[in-house]
Amino acid sequence: MTKKITYWDDWLRLKENHKGRQFIRPEVCRTYNFGEHVDWKSMNLSYLMEDQYATHFADMVKNARPIHGTDAVLKVSNIDDDVRILYKDQEDFERIAHQFGIFEEWKDGVPRTAYKGVVVFRYQTHKRVFLVGPESLQQLGIE
């Protein structure tokens, strides 16, 4: 049976293509071209290299405030810092994602935009919300 491929990241998330590798995606909206207004050569983007990015990302997740229980949207609305919410499985992820109005889609066991099972999005413009998978903290080396 052939799997339906609609977008480039659908293809990347297929197990036979990602082969256990992780992919980072831009946090910046791709519908606005700000590249011509940024001096990329003067920016230090070394943190995006694989070994440094894993540490950088793990630090962001580790420093985010854990949120537990129901009413995640209400709890997140009352916190000014970055937050992390654990999900147990695909069904739990989809329930939480639906509450925030973000993509609920999975492909071959990988949520759209996930890095090591963590989906990041901005909520109320400034704060990051990390939806963290059941094995993500271990994969990121977070106790």
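Cut-offs applied
Residues numbered from 1 in each chain as written. Predicted model: local features only at pLDDT ≥ 70, side-chain atom pairs only at ≥ 80, totals over all residues. Heavy atoms only, no water. Helix = DSSP H or I, 4+ residues; strand = E, 2+ residues; numbered from the N terminus. Buried < 20%, exposed > 50% of the residue type's maximum accessible area, 1.4 Å probe, protein only. Contact = heavy atoms within 4.5 Å. Areas by Shrake-Rupley, 256 points an atom, 1.4 Å probe, with all protein chains shown as cover. Phe/Tyr/Trp six-rings, centres within 6.5 Å; stacked < 30°, edge-to-face > 60°. Lys NZ or Arg CZ within 6 Å of the ring centre and 35° of its normal. Expected span 1.5 Å × (residues − 1). Arc of directions from axis to C-beta.

## Describing the overall build of the protein chain
Stage number 1. For the protein chain, the helix and strand inventory stands at six helices and six strands.
Stage number 2. Start at the N end of the protein chain and walk to the C end: the helices and strands fall as α-α-α-β-α-β-α-β-β-β-β-α.
Stage number 3. Burial statistics for the protein chain: of 143 residues in total, 34% are counted as buried.
Stage number 4. Considering only contacts within the protein chain whose residues lie at least 6 apart along the sequence, 53% involve residues at least 24 apart.
Stage number 5. Surface accessibility of the protein chain: about 9,900 Å² in total, with carbon and sulfur atoms responsible for 52%.

## Description of the packing of aromatic side chains
Stage number 1. Tallied over the full model, the rule gives nine aromatic pairs.
Stage number 2. For Arg112, the ring lying beneath its charged end belongs to Phe103, and the centroid distance is 4.6 Å.

## Thoughts on the environment of Ala72
Stage number 1. In this structure, Ala72 sits in helix 4 (residues 72-77).
Stage number 2. A relative accessible area of 4% places Ala72 in the buried class.
Stage number 3. Not counting chain neighbours up to four residues away, the residues in contact with Ala72 comprise Ile85, Gln99 and Phe100.

## Notes on helix 3 (residues 50-63)
Stage number 1. Taking 1.5 Å of rise per residue, the 14 residues of helix 3 would be expected to cover 20 Å, and the 20 Å separating its terminal C-alpha atoms lies within 8% of that figure.
Stage number 2. Taken residue by residue, helix 3 has Tyr53, Phe57, Ala58, Met60 and Val61 as its buried positions. Taken around the axis of helix 3, the buried residues stretch over an arc of 160 degrees, which confines them to a single face. Away from its buried face by more than 90 degrees, helix 3 exposes Asp51, Lys62 and Asn63.
Stage number 3. Looking at the buried positions of helix 3, the neighbouring elements they touch are strand 2 (83-86), strand 5 (118-123), strand 6 (127-132) and helix 6 (136-139).

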